[in-house]
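# Tertiary structure, described
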Amino acid sequence: MASFFKNSIGVLCRNYPLVVSLKFERLRSSSAVFPQGMQKGKVAIVTAATSGIGLAIARRLAKEGANVVISSRKQENVTRALAELKSEGLNISGCVCHVGNEEHQDLLVNMTLEQHGAIDILVSNAAVNPFVGKIVDCSKEMWQKIFDLNVTASFLLPKHVVPHMEKQGGGSIVLVSSTAGYHPIPTIAICKFSVSKTALLGLTRTLALELGPMNIRVNCMTPGLTRTRFSTILQQSPGLNRMLTENLHIARIGLPEECAGAVNFLCSSDASEKFPRMPVKWHVISELF
């Protein structure tokens, strides 16, 4: 028997309020889970896609055949990520986009349409956590900044892409939340972040109900603790790291590539066939040997 690792990724699914917990006992290679070419010919926008989970998602979608447009707040980050992904032979383009700026969102969407003529996939991944401290000590301005980037941006982006998806007969939207949206992590470092990620779960449910009749699927991926620069503050505390892995029942910190595999599936035609349109809680357990 080959060695395997345990991890779990929660996914809040579209149409009726549906919670799916994908628990994989899996090999190191994510390519063993799904066949390649699942996104062939599709056009995808991935925000905050120059590092961590966003970069892994962009890479995976491109490897599966999608034309991917990435974005980030800083030009140097976009330039670096484009060079890295293009060196792998992937069909990637990108631009600067501060997702809290509606003009930047317009530029991102318009550039995608000019280059590819369609938008099939939107992955809203951007998030910030600029304040460390108790909620009651958070200023109104800092609170607003967290919600502008973590929630309002994911409300506005679909408004830009949905008309185009509807014209072409459908599409797929994935919002990236966190398991902290279900169960706040007991640390003052990310308590405000947890509240904003809970809001994304509600936004997903509402968008799913409204956009389902347009053949636009809306899902929300909720990763646990994942090895990225964003989670450095949690990883660097041995005690907190141990507590989190124990509470989440995982043997290790997750990897961005695992999140990318889940998003790839959710954006594929397989997801539209396998997730039923009824209020039910699914537990999918897959063992690979």
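Just so it is clear, the model here is predicted, and its values are computed rather than measured. (Residues numbered from 1 in each chain as written. Predicted model: local features only at pLDDT ≥ 70, side-chain atom pairs only at ≥ 80, totals over all residues. Heavy atoms only, no water.)

Take unusual backbone geometry next. The backbone of alanine 48 sits at a positive phi, close to 50 degrees, despite the residue not being glycine. Looking at where alanine 48 falls in the secondary structure, it is placed in the loop between strand S3 (43-46) and helix H1 (52-63). Positive phi outside glycine occurs at asparagine 215, with the angle close to 65 degrees. Tracing the chain through its elements places asparagine 215 in the loop between helix H5 (191-211) and strand S8 (216-222). (Helix = DSSP H or I, 4+ residues; strand = E, 2+ residues; numbered from the N terminus.)

In terms of burial, helix H8 (residues 256-266) is a largely internal element, ten of the eleven residues being buried. Those residues of H8 that sit buried are Pro256, Glu258, Cys259, Ala260, Gly261, Ala262, Val263, Asn264, Phe265 and Leu266. (Buried < 20%, exposed > 50% of the residue type's maximum accessible area, 1.4 Å probe, protein only.)

Locating glycine 261 in the fold gives a position in helix H8. Residue glycine 261 is classed as buried on the basis of its relative accessible area of 7%. Put simply, glycine 261 and leucine 61 are 200 residues apart on the chain and 8.8 Å apart in space, counted from C-alpha to C-alpha.

Along any regular strand the residues' side chains alternate between the sheet's two faces. By the alternation rule, side chains of strand S6 (residues 121-124) split into Ile121 and Val123 and Leu122 and Ser124, which are all buried. Taken together, the three bridges between S3 and S6 define a ladder with parallel strand orientation. Counterpart to valine 46 in the pairing with S6 is valine 123. Pairing geometry for S6 and strand S7 (residues 171-176), over four bridges, is parallel. Across the sheet, residue isoleucine 121 finds its bridge partner in S7, namely serine 172. (Pairing = 2+ DSSP bridges.)

This part takes up the packing of H1 against H8. Running from N to C, H1 and H8 cross one another at 50 degrees; their axes reach a closest spacing of 8 Å. Compared by their axis directions, H1 and H8 come out oblique. Of the two elements, H1 crosses H8, and the hand of that crossing is right-handed. Contacts between H1 and H8 involve Gly52, Ile53, Ala56, Ile57, Arg60 and Leu61 from the former and Pro256, Glu257, Cys259, Ala260, Gly261, Val263 and Asn264 from the latter. Residues that form the contact of H1 with H8 fall into these classes: eight nonpolar, three polar and two charged. (Axes fitted to C-alpha atoms, helices over the stretch in contact; angles between N-to-C directions. Parallel < 35°, antiparallel > 145°, perpendicular 65-115°, else oblique. Left-handed = near helix turned anticlockwise from the far one by under 90°. Contact = heavy atoms within 4.5 Å. Nonpolar A, V, L, I, M, F, W, Y, C, P; charged D, E, K, R; others polar.)

Our focus in this paragraph is the confidence of the model for the protein. Of the residues in the protein, 67% have a pLDDT of 70 or more, and the chain-wide mean is 77. Contacts of residues 1-9 to residues separated by more than four positions or lying in other chains number 34 contacts, the stretch itself having pLDDT below 50. Counted against residues more than four places away or in other chains, residues 275-289, with its pLDDT under 50, gives 42 contacts. (pLDDT = per-residue confidence, 0-100.)

Below, the discussion takes up the nonpolar core. Formed by 32 residues in total, the largest nonpolar core has its most connected members in Ile57, Leu61, Val68, Val123 and Met221. Residue assignment for this core shows that the elements contributing at least two residues are S3, H1, strand S4 (67-72), helix H2 (75-86), S6, S7 and H8. Sort the elements by how many residues they give to this core and H1 lands first, with seven residues. Setting aside anything within four residues of it in sequence, one finds valine 123 in contact with Ile45, Val46, Thr47, Ile57, Leu61, Val174, Val176 and Val263. Listed in part, the 29 residues of the second largest apolar core include Cys95, Val109, Val128 and Ala208. (Core = buried A, V, L, I, M, F, W, Y, C linked by side-chain atoms within 4.5 Å.)

Our next topic: the pairing of S7. Burial within S7 is extensive, with six of its six residues counted as buried. In terms of strand pairing, S7 meets S8 through six bridges, oriented parallel. By the bridge assignment, valine 176 is partnered in S8 with methionine 221.

With that settled, the discussion passes to helix H4 (residues 140-167). Given a rise of 1.5 Å per residue, 28 residues ought to cover 40 Å, and the 40 Å separating the end C-alpha atoms of H4 matches this to within 8%. At aspartate 148, H4 is bent by approximately 45 degrees, the largest bend along its length. (Expected span 1.5 Å × (residues − 1). Bend = angle between axes of the 7 residues up to and from the residue.)

Turning to its location among the elements, serine 268 is positioned in the loop between H8 and helix H9 (269-274). Accessibility expressed as a relative area gives 1% for serine 268, which makes it buried. Spatially, the C-alpha atoms of serine 268 and lysine 42 are 9.9 Å apart, while their sequence positions differ by 226 residues. Excluding residues that lie within four positions of it along the chain, serine 268 makes contacts with Met38, Gln39, Lys42 and Arg217.

Our focus in this paragraph is the pattern of salt bridges. Scanning the model with the defined rule gives three salt bridges in all. Put simply, arginine 60 and glutamate 64 hold a salt bridge, and the shortest N to O gap is 3.0 Å. Each member of the pair, arginine 60 together with glutamate 64, is buried. Among the charged side chains, a network of salt bridges with common partners joins Arg59, Glu84 and Glu88. (Salt bridge = Lys/Arg side-chain N within 4 Å of Asp/Glu carboxyl O.)

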